Amino acid sequence: MFPLHKQSDHSEAVFFTQGCQIQKTQTDKLKLNVRCIISQEILVQKVGHQSEQLLDIKVEYSLYIDMKYLKEIKQLQDCYNAKDQTVELIILCTPGIKIPRSQDIIQFLECFDAINHNKKDFLQIVNGRHEKFLYRLLIISFILKDSRMGDLIVQKLCENLNLFILMKILLIATQYENWPYTDYFYQLMIEYFQFDAGLQQNRIANPHLQSILLKIATSNIQILEPDVIQVNDGQKHLKIATVFFKHLYKKFENRIKKYFQPLQKYIFFKNQRIRSQARIEDDYPHTYKLLDEAAGECHLFAYQQGPHSEILIFDKEVFFKCLIQQQRVQYQKYGEGYLGLIDRNFWGTQFMVYDFGYPKEIAAKFPKYFGQERKLMVTINYQTNIMASAPRKFQAVMLNYITQKNMELSQLEPVYNQEKDCYQLNFFGRAKRASARNFEMVDPQDSNIIYLLHGKQDKNLFNLDYRYPMNMVQAFSFSLVSVSKKFLVQ
C-alpha cells in the first residue's frame, strides 16, 4: 500500500567527481556544515505548549563524520565542496515541525551502519524507542534521501497508525520534501475526510485507513475554521493552518487544469462507446473514450453502470491503468482520476454536469486544500418526445470558465425537406449517419458561431468538435448526454 519509489543502491556506487582526491585512512574526517533556514510564519503549533522561540534554536552547526559516508550517501556527495572538502547542508524548516539537530545526524549514521551490517541490528535499535526518536530519524532520512531507512521507519510508525501519527508523517514528509510519501499520506488524509463525510462507508480497502478508523475514539480531527484544523490524540493536540498543504492541492489542480481550461481553437475529437457483454438482460455497463482525432490518443474516460445511473468522468490515467497495467479499475466517485459526473433524472429529460468537487452540504466537512464545493458546469433540459415526430429539442446553460458566468447555448434547428420527408442540417461531412443524436450548439445571437458539433460516424462512434469557451470535460459531457438512453426522449 506504500508508494513505489526506487531504493538506494549502497553497494558499489561511486559518487566522486572527476579529480576529487580523498585519502582513505581511519583518521579522515569529513566536515559537515548544517544551516537551518527557519520560516517566520507559524503554520503548525502544539496546543498547550509554548511556541519554540526562534532565537533559542541553534540554526547553524558543524560536525565531523567519517569520510566513508561521502561514498555511501549520495546526498552528501551532491552537497560536497571539493575545494574546502566540506559538505554544506541547507535545510528549510518550519516552527512546529522538528528541526534537525547534530545529535539526530549522529544517531542516523549509527543506524545507517547498523542497516548496512544487518537489518536486524537496525530493528533492535529502533524497537521500543519513543516516537520522537523515530520522527527525528525519519527527518534525517528524508533530508539525506535514504529511502531504505525511511521506508523502515514509516513501516514501524504505521504499525500503530492513527490520525495523529498520520499527520506527523505527512507534515515531516511535506516539509522535508519526500514527495512519494507526501502524495500517499495526503491522499490517505483525503480518504479519511471522505469517510467522515459518509462517502466511503462501504468500500474501505486501504489497511492504513482501517487502522485509523479503529482508533478514531482516541485520535480525531476537528475543523476549527475552514483553513484551520486540530488533530487530537489523548493529551496531545496539534493545530495546523491548512495553507501548509496549499501546494499539494494546487499540484492536483494543475494536473487536471488542461481538462477544464478552454483553448482558443477548434478541436476535433471522437467519442467511442463500448457496450458490455457481461449481462444477459442489457449491454450495460457502458464505457466511453474521448479520442483525439489526429493521434487517436485517449484523453478522457467515462463510465455508466446502468441506463438510469449517473455517468462518471475520469482522466485518461484510469484508462491506461486498465489497458497497459491490466489492472481491474474500480470506477469510484471521488476516487482515483475522478473529474466529475453527469447527474440525471429517471426519465432522462434533465441532466446536470458537475466537476470533481463535493455537494455543498458535504464540502463543509472538508478543510480548505483537502476538498472544495463542486461547480455546476452544464445544465441540459430535453423536451419530451415519445412519438419521435420531430427532432430532439433541448436547452443548455454552460459555465464559462473564463468569466465564471453562465452562458446560454442554442440548438441549431434542422430544416424539414418536404421532398425527402426528413429533417436536414449541414454537418460539414462530420455526420455520416442519420441519427437523433446529431446536433449543433450555437450562439443564441449568431447561429454562424458553432460552439459544438456532434455527428454520428458509426454505430458506437461519434464525431465531437468544439471551440472556445467550451472546455474538454464540458464538450465530452454534451456527447455523453446525447448518447445515453432517455425514456421520454426518442
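Scoring rules and cut-offs
- Residues numbered from 1 in each chain as written.
- Predicted model: local features only at pLDDT ≥ 70, side-chain atom pairs only at ≥ 80, totals over all residues.
- Heavy atoms only, no water.
- Helix = DSSP H or I, 4+ residues; strand = E, 2+ residues; numbered from the N terminus.
- Buried < 20%, exposed > 50% of the residue type's maximum accessible area, 1.4 Å probe, protein only.
- Contact = heavy atoms within 4.5 Å.
- Areas by Shrake-Rupley, 256 points an atom, 1.4 Å probe, with all protein chains shown as cover.
- Pairing = 2+ DSSP bridges.
- Axes fitted to C-alpha atoms, helices over the stretch in contact; angles between N-to-C directions.
- Core = buried A, V, L, I, M, F, W, Y, C linked by side-chain atoms within 4.5 Å.
- pLDDT = per-residue confidence, 0-100.
- Expected span 1.5 Å × (residues − 1).
- Polar contact = N/O pair within 3.5 Å; in protein donor to acceptor, adjacent residues only side chain to side chain.

### Topic: the overall build of the protein
Of the regular secondary structure elements, the protein holds 13 helices and 22 strands. When each of the 490 residues of the protein is scored for burial, the buried share is 49%. Taking contacts inside the protein between residues at least 6 apart in sequence as the whole, the part at least 24 apart equals 62%. Carbon and sulfur atoms provide 49% of the accessible area of the protein, an area that totals close to 25,200 Å².

### Regarding the sheet that holds strand β4 (residues 80-81)
With mixed pairing, four strands are arranged side by side in an open sheet as β3-β1-β5-β4. One side of each edge strand has no neighbouring strand; the edge strands of this open sheet are β3 (60-66) and β4. Sheet topology places β4 next to strand β5 (residues 86-93); two bridges connect them, and they run antiparallel. Across the sheet, N81 pairs through a bridge with T86, a residue of β5. Packed on one face of the sheet, helix α3 (residues 102-117) meets β1 (29-38) and β3 and runs near 20° to β3.

### Description of the nonpolar core
The biggest cluster of nonpolar side chains holds 141 residues, and the ones touching the most others in it are F122, F185, F245 and F478. In this structure, F122 is in contact with C111, A114, I115, L137, M149, L152 and I153, ignoring residues within four places of it in sequence.

### A closer look at the confidence of the model for the protein
The share of residues in the protein with pLDDT of 70 or more is 88%, and the mean pLDDT across the chain is 87. In the predicted structure, residues 4-26 sits below a pLDDT of 50 and forms 31 contacts with residues beyond four places in sequence or in another chain.

### Some details on helix α13 (residues 472-483)
The end-to-end C-alpha separation of α13 is 17 Å, in line with the 16 Å expected for 12 residues at 1.5 Å each. Buried residues dominate α13, accounting for 12 of its 12 residues. Where α13 is concerned, the buried positions are M472, V473, Q474, A475, F476, S477, F478, S479, L480, V481, S482 and V483. Backbone nitrogen of V473 and a side-chain oxygen of the N-cap are separated by 3.2 Å at the start of α13; the cap is N471.

### Quick notes on unusual backbone geometry
Cis geometry is adopted by the peptide bond preceding P285, which originates at Y284 and carries an omega value of 5°. Residue placement: P285 occurs in the loop between β9 (267-275) and β10 (286-292). Between Y468 and the following residue, P469, the backbone shows a cis peptide bond with an omega angle of 10°. Along the chain, P469 falls in the loop between β22 (461-466) and α13. Located in the positive-phi region is Y369, a residue other than glycine, with phi close to 75°. Tracing the backbone shows Y369 in the loop between α12 (360-363) and β15 (376-382).

### Comments concerning the sheet that holds strand β14 (residues 350-355)
With antiparallel pairing, the 12 strands of this closed barrel are ordered in space as β9-β10-β11-β12-β13-β14-β15-β16-β17-β20-β21-β22. Direction aside, the axes of adjacent strands within the sheet are offset by 20° on average. Relative to β22, β9 is paired through six bridges, and the arrangement is antiparallel. By the bridge assignment, N271 is partnered in β22 with F462. The sheet strands contacting α13 are β9, β10, β11 (298-304), β12 (311-315), β13 (338-344), β14, β15, β16 (394-400), β17 (405-411), β20 (439-443), β21 (446-458) and β22, and the helix crosses β15 at an angle near 25°.

### Some thoughts on the environment of A241
For A241, the position within the fold is in strand β8 (residues 236-241). Excluding residues that lie within four positions of it along the chain, A241 makes contacts with L43 and D227.

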